[in-house]
Amino acid sequence: MNRQTRMTWLVARRELRQRAKTRAFAISTVVLLIAVALGVALPAILSRNAKPERVGFVGGDAATATGIIAEAGRLAGVKTAAVSQPSVAAAEAALRSGDLSAVLVGDTEVLVKQVPLGGVSGGLATLAQVAGLTKLVQTVPGAAAAVAHGIALPVRGLEPPSKPLSSRLTGLFTVVLVWIMISVYGSQIALGIGEEKGSRIAEVLLSSLRPIQLLVGKVSGIGLLALGQAAAMVVVFVIAGFASGSTLVHGAAIGIVLTGGVFVVLGYAFYCTAFAAAGSLVSRQSDVNSTILPVQLPLIIAYILSYTVIYADNANVFYRVLGFFPPTAPIAMPVLYAAGDVPLWQVVVAAALLAVSTVWMARVAAGIYGRSILRTGARVKLREVLSR
Amino acid sequence: MHRLRYYLAMPSVELEIDGLRRRYGPVIALDGLSFDVPSGQVFGFLGPNGAGKTTTMRAIFGVVGLDAGEIRWRGKPVDEQARRHFGYMPEERGLYPGMKLRDQIEYFATLHDMDDQAAEQAATHWIRRLGLAGREDAKIDALSHGNQQRAQLAVALVHDPELLVLDEPFAGLDPGGVDDMRQVLAERAAAGVTVLFSSHQLDLVEDICEAVAIIHHGRLVASGPVEELRRGDRPRLAVQVGGDADGAWARSLGADLGEVEAVRPGGTVLISLTNSADSQRILDLARAAGPVEHFSFEDRRLSEVFREVTGASVGQAEAEHAAAGAGR
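Residues numbered from 1 in each chain as written. Chains lettered and ligands numbered in written order. Predicted model: local features only at pLDDT ≥ 70, side-chain atom pairs only at ≥ 80, totals over all residues.

(A) Expanded view of the overall build of chain B. Secondary structure summary: chain B contains twelve helices and 14 strands in total. Dimensions of chain B, computed from the C-alpha atoms along their principal axes, are close to 75 × 45 × 45 Å. Per-residue burial over chain B gives 39% buried out of 328 residues. Partitioning the intrachain contacts of chain B with sequence separation of at least 6 by distance along the chain shows that 70% fall at a separation of at least 24. (Helix = DSSP H or I, 4+ residues; strand = E, 2+ residues; numbered from the N terminus. Buried ≥ 20, exposed ≤ 12 C-beta atoms within 10 Å, placed from the backbone. Contact = placed C-beta atoms within 7 Å.)

Put into structure tokens, the structure is as follows:
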């Protein structure tokens, strides 16, 4: 390790050691992990005791249909109630109103309100398979031997497919994670730098360190801590999800969490130096909150608007633009991806844009930091440190 | 005795301050400041508040940029490599309030290239030496003011620096603290360290340092061994004649003997002697005027030296600086 790296590492190590042993860090970590575990496992556990899924059937033999529905429910671990429907039209109306979850139409198809974008899975897939197998066994002599290959009835949605709610909720989890990580740890950076400046430690430090070493050491030390906490949250998310059989961790949802992970890291990298620069402008640590507000503003906007996207079918153009705009991308892009509003290549483009602007932000912020960290007296105006 | 030692030892110049200039907007902080600091002695860097002492010290550590001039250490411009062997105690004390004393001292030791083990040993040494034993695990903000000052000194000393720079180290210390600080500085100087400290309290520190540089308005106004400066070019005689509260007898003093510098309340007359003056003639004149109650050679205080060379007292200079600051 050369001296420059060693100096930076010493600063980072101090941040890690001092912060990791605080009670606040231990408590916040435990609370966050419990919240994640409960958030994932609770809906899955509760659904086991939920009221039965009402599955309609039209045409065909009533006893066979009831048998298929019961068997599919047993296999999928879901309580079911078979409800006879007078006609396909009546069944469709019941689907649309939410009275029924699915309808078995004779031995031809399974109807649902909306086929999930990620494809049919869970109880619905089981129903389609059991019905398909039953049809095969009843209509083709000797077909029982072919049962092992599996055959399913087509599943038709009344409305165009979209991302299932579970994916959207995973998206929401991801966005909350990005928001907490960037704003909490960003504030810690700004407060830490405000402390070093306000109590004049910076002067002692900078008699043996370069400003860039102090800056990089500080943001990477706090960043490692944030990354550790985020990783622990993702691990708990996955473990709790699988252990409770939650639908949140199946298939596409893992992709959403990974996307969120990439944007947590890129978002932190983009914002950490900006928070540092904001912290270096104050003369007292207590003034930090007012200087970091402008830094947080894009994140706050993207975060608030994300709730409108999570629960809507199509994100508006404004939010799509926010997905590519580097200051809002860390939150907006994972949301758009989770809601199925953008393809993967657009996510990659947004990530690349964010990475490039991180370099630009680091340069500007390091300049501001270097010029203001040793300025005493009143709060430094941004214009002053930018103009020199 | 001090003076003799100063010349016999012929200390070598280690730190050279050469033609420093620095301007902050309309304010000229340093105006071609130059002086040399020799090794192995406690060197005072004196002047009223606002004279440019802190700017100079910050410039030594590169935390303030210079418009012109150069600072050299052992003949070479000061660089990052040289600064690793410097210790600094800034005027505005700076330590992490929530960090434990021992962790803090060790951290600063590692920033000066010590490995973890050496840092631990050095921290233990200085904690004991500065009377902080038993407080190792206390957070800085739980320490008394005096102990915080000691902690700050420990941070400056922990890596055994070759140059020790302290900005107003005596400010805010109680008499016990002043004695401790003075002892540590003398000890370091005796160990061959170059010790430079600043103070605006000229008279308080005149017994602490062997040589000084006195500055005003960013310029050097006087420098040299303290004894030499206090004696000045012309010896000073203090004479008091009983019953003459105004020192009226001294009006008859001829210009060939000397001139009256001042008359203290109570009538002690301070006479600046010419080089050829015969002090016994002055004694005769005084005795002719009445009973001589006091007759002695008296050194000037450093504050008087300041007034002599600048025409203003330290207090006036500081008031002028404060007024200029308020007017901006």
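(B) Representation of the overall build of chain A in the model. What chain A contains, in helices and strands, is 14 helices and five strands. Burial statistics for chain A: of 388 residues in total, 46% are counted as buried. The contacts in chain A between residues at least 6 apart in sequence include a share of 78% that link residues at least 24 apart.

(C) How the structure looks around the nonpolar core. Ranked by internal contacts, the top residues of the largest apolar core, which has 155 residues, are Phe275, Ala276 and Leu336 of chain A together with Ile105, Val158 and Val212 of chain B. The element best represented in this core is helix α9 (residues 252-280) of chain A, accounting for 15 residues. In this structure, Leu95, Leu111, Val115 and Val130 of chain A belong to the second largest nonpolar core, which totals 24 residues. (Core = buried A, V, L, I, M, F, W, Y, C linked by C-beta atoms within 7 Å.)

(D) Highlighting the packing of helix α1 (residues 3-20) of chain A against helix α8 (residues 211-244) of chain A. Residues and elements named next belong to chain A. The contact between α1 and α8 brings their axes to 7 Å, and the two run at 40 degrees. Between α1 and α8, the angle is such that the two are oblique. Here α1 and α8 pass one another in a crossing that is right-handed. Here the residues of the contact of α1 with α8 are counted per class, giving twelve nonpolar, six polar and five charged. (Axes fitted to C-alpha atoms, helices over the stretch in contact; angles between N-to-C directions. Parallel < 35°, antiparallel > 145°, perpendicular 65-115°, else oblique. Left-handed = near helix turned anticlockwise from the far one by under 90°. Nonpolar A, V, L, I, M, F, W, Y, C, P; charged D, E, K, R; others polar.)

(E) Spatial organisation of the interface of chain B and chain A. Taken together, the 18 residues of chain B in the interface contact 15 residues of chain A. When residues in the side of chain B that touches chain A are grouped by element, the largest group, three residues, is from helix α4 (residues 101-111) of chain B. Split by residue class, the side of chain B that touches chain A holds eleven nonpolar, three polar and four charged.

(F) A look at the pairing of strand β1 (residues 13-24) of chain B. All names here are of chain B. Taken together, the nine bridges between β1 and strand β2 (residues 27-38) define a ladder with antiparallel strand orientation. By the bridge assignment for β2, Ile17 is matched with Phe35. Between β1 and the antiparallel strand that follows it, β2, lie two residues; Gly25 among them carries a positive phi value of about 60 degrees. (Pairing = 2+ DSSP bridges.)

(G) Here's a closer look at the sheet that holds β1 of chain B. Read from one edge of the open sheet, four strands run β2-β1-β4-β5 (chain B), paired in antiparallel fashion. Every interior strand has two partners, whereas the edge strands, β2 and β5 (76-77) of chain B, have only one.

(H) Looking closely at helix α2 (residues 53-60) of chain B. All names here are of chain B. For α2, a buried count of seven out of eight residues is recorded, marking the element as mostly surrounded by other parts of the structure. Those residues of α2 that fall on the buried side of the exposure criterion are Lys53, Thr54, Thr56, Met57, Arg58, Ala59 and Ile60. Looking at the residues trailing α2, positive phi occurs at Gly62, about 75 degrees.

(I) Focus on the sheet that holds strand β11 (residues 236-241) of chain B. All names here are of chain B. Read across the open sheet, the four strands follow the order β12-β13-β11-β14; overall the sheet is antiparallel. Two strands close off the open sheet at either side, each with one partner strand: β12 (258-263) and β14 (292-297). In this sheet, neighbouring strand axes are inclined to one another by 25 degrees on average, regardless of whether the strands run parallel or antiparallel. Across four bridges, β11 lies against strand β13 (residues 269-273) in antiparallel orientation.

(J) Highlighting the packing of α8 of chain A against helix α13 (residues 344-372) of chain A. Residues and elements named next belong to chain A. For the pair α8 and α13, the least separation of the axes is 10 Å and the interaxial angle reads 120 degrees. Taken together, the axes of α8 and α13 are oblique relative to one another. The way α8 lies across α13 gives a crossing that is right-handed. Contacts between α8 and α13 involve Pro211, Ile212 and Leu215 from the first element and Ala366, Tyr369 and Gly370 from the second. In terms of residue class, the contact of α8 with α13 is made up of five nonpolar, one polar and no charged.

(K) Seen up close, the environment of Leu266 of chain A. All names here are of chain A. Secondary-structure assignment places Leu266 in helix α9. Given 23 C-beta atoms within 10 Å, Leu266 falls into the buried group. Once the C-alpha coordinates of Leu266 and Thr5 are considered, the two residues, 261 residues apart in sequence, prove to be 22 Å apart. Setting aside its immediate chain neighbours within four residues, Leu266 contacts Pro330, Ala351, Leu354, Ala355 and Thr358.

(L) Molecular detail of the confidence of the model for chain B. Residues and elements named next belong to chain B. For chain B, the mean per-residue pLDDT works out to 87, and 95% of the residues sit at or above 70. The low-confidence segment residues 1-7, where pLDDT is below 50, has seven contacts with residues more than four positions distant or belonging to other chains. The ipTM assigned to the predicted complex is 0.79, against a pTM of 0.76. (pLDDT = per-residue confidence, 0-100.)

(M) Representation of the pairing of strand β9 (residues 211-216) of chain B. All names here are of chain B. Burial analysis of β9 places six of its six residues in the buried class, which makes it a mostly covered element. Here β9 shows no split at all, with Ala211, Ala213 and Ile215 on one side and Val212, Ile214 and His216 on the other all buried. Between β9 and strand β10 (residues 219-225), which pair antiparallel one after the other, the connecting turn spans two residues, and His217 there sits at a positive phi close to 55 degrees.

(N) Main features of the environment of Ala35 of chain A. Looking at the element boundaries, Ala35 of chain A is found in helix α2 (residues 23-48). Given 14 C-beta atoms within 10 Å, Ala35 of chain A falls into the partly exposed group.

(O) Region of interest: unusual backbone geometry. Residues and elements named next belong to chain B. Of note in the backbone geometry, Glu168 takes a positive phi value of approximately 50 degrees without being a glycine. What makes Glu168 buried here is the crowd of 22 C-beta atoms within 10 Å. The residue His217 is not glycine, and still its phi comes out positive at about 55 degrees.

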